[in-house]
Amino acid sequence: MTEGENNKEAGTGEMPTDAPAEERSGAAEEKRENGDWKVDVTEKASPPAAGEVEFVHPEGGWGWVVMLASMWCNGSVFGIQNSFGLMFLSLLREFGSEHDADLRFRTSWVGSLSMGMIFFCSPIVSVFTDMFGCRITAVGGAAVGLVGLLASSFVKSLGVMYFTYGIVFACGCSFAYQPSLVILGHYFKKRLGLVNGIVTAGSSIFTITLPFILSGLLSKVGLQNTMRVLCILMFVLVLAGFTYKPLVPVKPNSSGGFRLSRIFNKKIWKSVGYRIWAFGIPAALYGYYVPYVHLMKHVEERFGENANKEILLMCIGITSCLGRFIFGSVADFVKGVNKVFLQVASFFVIGVMSMMIPVCHIFGGLIAVCLLMGLFDGCFICIMAPIAFELVGPNEVSQAIGFLLGLMSVPMVAGPPIAGFLRDKLGSYDMAFYLAGIPPIIGGILLCLIPLVEARSRRKEKGAQSEEQGVEQKMIEHEKAQEDAKSKVGDSVL
């Protein structure tokens, strides 16, 4: 029931006994369908803790600890992933030689497979989160990620690294990451936007600082020991998962069919706008992860091994953090699905900046490119949830985002190996970066269709509603005319 209906019932009390039986049974059935048929008027007037009618978010308290734990999760997972370009250089030296024709192609699969699996597992993680809760899912995932990363430090071949780092470590990160976002809704409602901004900024902070730490560790202790040091981040992530104390009461449900319908939601695919969005974004992401993997090697080849390449990842991290706060605030003033145009602009800029990388023969030019790329990368990320709310509504948003992340895994996996293959065959990264800029532009063009489709669907809905109202009005007038005719017949007989 809506809040207005609850207030109305509280003011008028229960239905009078002299009301018709059909009305009384209809009211009782309505109460059963809404799940509150056992709650009387006094319980609705009582505090939520006593009547368990409405959950009140604490908007703080232990929630701030949960926010910091979620921030650590976001930072450690994506900080390691975004810094893979430095580990990529060590993998090239560790597992191959410059005479290997397919070295970059085979090595880039480690990072791309790892990033792709994080998104590929998202729909599965949502099922486990619904079944076992945020705490168990997050702790178990972080433990699996810790085992995968520790096992990767003992690996001596790329084939095994695909499994330990690309699958086991990445799947563990996925199971730890998604509950860190779900648990925030247990503690915050009014401040959820601000808290989400702070949490997602964790990946930017780690992306800024971790490259310098990794660069020093890789040069001093080597790749294997560096991975063992990174295991400390995953161990802390295991401890952080224990802070995810659930607050929202779980409604018991014995109907397996209903549970399956909630897990595998088909309603979101009825929206044409969502279908365009769910396939347009993956189409734009075939070149998205290429700079994170291959930019460091490109800088070495063009500016020498002594070039301060870590500063480029720092620039992306800083402006990405700023972009999430700036465009997150801008999105509050853009109504409806027009928020999609912010994402369109971000894809256009990211695509153009990717094409500008091989053009830059001055290191300062690369810094400018990375600053702009990071700024609009933050725009693309922070605007995803608001767009999902606009397209499918708040009740379906978790499934909508889960399926979208799953579809994003394909381009995340395929993009970097294709770029590595082009480098191996052509001798430079120029063509790889030129081609990496094309998918974001094409995806942005596809997303431009969403506001048009949504506007047309709304016009159809309004037209259908007006027709229904007209039919109802005619039926009411017809029934009234029949009643008037019957009354006139009765008057004539009398």
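Residues numbered from 1 in each chain as written. Predicted model: local features only at pLDDT ≥ 70, side-chain atom pairs only at ≥ 80, totals over all residues. Heavy atoms only, no water.

## What about the overall build of the chain?
Basically, it comes down to this: A helix here means a DSSP run of H or I that spans at least four residues, while a strand means a run of E at least two residues long, and both kinds are numbered starting from the N terminus. Exposure classes here rest on a 1.4 Å probe applied to the protein chains alone. A residue is buried below 20% of its type maximum, exposed above 50%, and partly exposed in between. Whether two residues are in contact is decided by their heavy atoms: any pair within 4.5 Å suffices. Reported accessibility uses the Shrake-Rupley method at a 1.4 Å probe radius. Residues are deemed covered only where the shown protein chains occlude them.
When helices and strands are tallied, the chain shows 24 helices and zero strands. The proportion of buried residues among the 494 residues of the chain is 47%. Once local pairs closer than 6 in sequence are excluded, the contacts in the chain between residues at least 24 apart make up 84%. Put simply, the chain shows about 24,500 Å² of open surface, and 65% of that area lies on carbon and sulfur atoms.

## Examining the pattern of salt bridges
Operational definition: Each salt bridge in this description consists of a side-chain nitrogen of Lys or Arg and a carboxyl oxygen of Asp or Glu lying within 4 Å of one another.
Using the criterion set out here, one finds four salt bridges in the structure. Between glutamate 300 and lysine 297 there is a salt bridge, with its nearest N and O atoms 3.8 Å apart. Here the residue glutamate 300 and the residue lysine 297 both occupy positions in helix α16 (residues 290-303), the gap between them amounting to three residues, near one helical turn. Arginine 302 serves as the salt-bridge partner of aspartate 430, at 3.2 Å between the closest nitrogen and oxygen. Of this pair, aspartate 430 sits in helix α22 (residues 430-436) while arginine 302 sits in helix α16, and the two are 128 residues apart along the sequence. With a relative accessible area of 24%, aspartate 430 lands in the partly exposed category. Through salt bridges with shared partners, a single ionic network connects Arg93, Lys297 and Glu300.

## Topic: the packing of aromatic side chains
The condition that has to hold: Two aromatic rings, drawn from Phe, Tyr or Trp (for Trp, its six-membered ring), form a pair once their centres lie within 6.5 Å of each other, and the interplanar angle then sorts them: stacked below 30 degrees, edge-to-face above 60, tilted otherwise. In our convention, an over-ring charge means Lys NZ or Arg CZ found within 6 Å of a ring centre and within 35 degrees of that ring's normal.
According to the stated counting rule, one finds 17 aromatic pairs in the structure shown. Aromatic pair phenylalanine 78 and tyrosine 177: ring centres 4.9 Å apart, planes at 85°, arrangement edge-to-face. Of this pair, phenylalanine 78 sits in helix α5 (residues 62-82) while tyrosine 177 is found in helix α10 (residues 158-182), placing the two residues 99 residues apart along the sequence. For the pair phenylalanine 78 and tyrosine 177, one class covers both residues: buried. Judged by centre distance (5.1 Å) and plane angle (45°), the ring pair of phenylalanine 347 and phenylalanine 380 falls under tilted. On the criterion of sequence distance, the pair formed by phenylalanine 347 in helix α18 (residues 340-356) and phenylalanine 380 in helix α19 (residues 363-382) is long-range, its members being 33 residues apart. Note on accessibility: phenylalanine 347 and phenylalanine 380 belong to one class, buried. Here a set of aromatic residues connected by ring pairs shows up, and it is made of Trp269, Tyr274, Trp277, Phe279 and Phe403. Its end group placed over the ring of phenylalanine 154, arginine 228 keeps NZ or CZ at 4.4 Å from the ring centre. Here arginine 423 stacks its cationic end above the ring of tyrosine 429, 5.9 Å away from the centre of that ring.

## Some words on the confidence of the model for the chain
Rule in force here: Residue-level confidence of the predictor is what pLDDT reports, using numbers from 0 through 100.
For the chain, mean pLDDT is 77; residues scoring 70 or higher make up 78% of the total. Here residues 1-53 scores under 50 on pLDDT; set against residues more than four positions off or in separate chains, the count is 33 contacts. Counted against residues more than four places away or in other chains, residues 254-258, with its pLDDT under 50, gives one contact.

## Considerations on the nonpolar core
Note the threshold: For our purposes a nonpolar core is just a set of buried Ala, Val, Leu, Ile, Met, Phe, Trp, Tyr and Cys residues, chained together by side-chain atoms within 4.5 Å.
Judged by nonpolar contacts, the single largest core of 121 residues is most densely connected at Phe84, Tyr165, Tyr274, Trp277, Ile281 and Met408. Counting residues per element, this core draws most heavily on α10, at 10 residues. Beyond its immediate sequence surroundings of up to four residues, tyrosine 165 is in contact with Ile80, Phe84, Met87, Val110, Ser114, Leu149, Ser152, Ala170 and Met227.

## Considering the environment of histidine 361
Tracing the chain through its elements places histidine 361 in the loop between α18 and α19. Assessed through its relative accessible area of 60%, histidine 361 is described here as exposed. For histidine 361 and phenylalanine 303, which are 58 residues apart along the polypeptide, the C-alpha to C-alpha distance reads 8.4 Å. In this view, histidine 361 contacts Arg302 and Phe303; residues no more than four positions away in its chain are not counted.

## What to know about a nonpolar patch on the surface
Heads up, the condition is: In this analysis, a patch consists of residues with relative accessible area above 30% that form no salt bridge, clustered at 9 Å for like charges and at 5 Å for the nonpolar side chains Val, Leu, Ile, Met, Phe, Trp and Tyr.
Nonpolar side chains collect at one region of the surface, where Val352, Met356, Val359, Leu426, Met431, Tyr434, Leu435, Ile438, Ile442, Leu446, Leu449 and Leu452 lie side by side and expose about 1,000 Å² of accessible area between them. Elements that contribute at least two residues to the nonpolar patch include exactly α18, α22, α23 (438-447) and α24 (449-493). Tracing the backbone shows tyrosine 434 in helix α22. Note on tyrosine 434: relative accessible area 33%, which makes it partly exposed.

## Considering the state of the cysteines
Under the convention used in this document: Any two cysteine sulfur atoms within 2.5 Å of one another count as a disulfide.
Applying the stated criterion to the full structure yields zero disulfides. Cysteine 370 takes part in no disulfide bond, and the closest cysteine sulfur, belonging to cysteine 315, lies 6.4 Å away.

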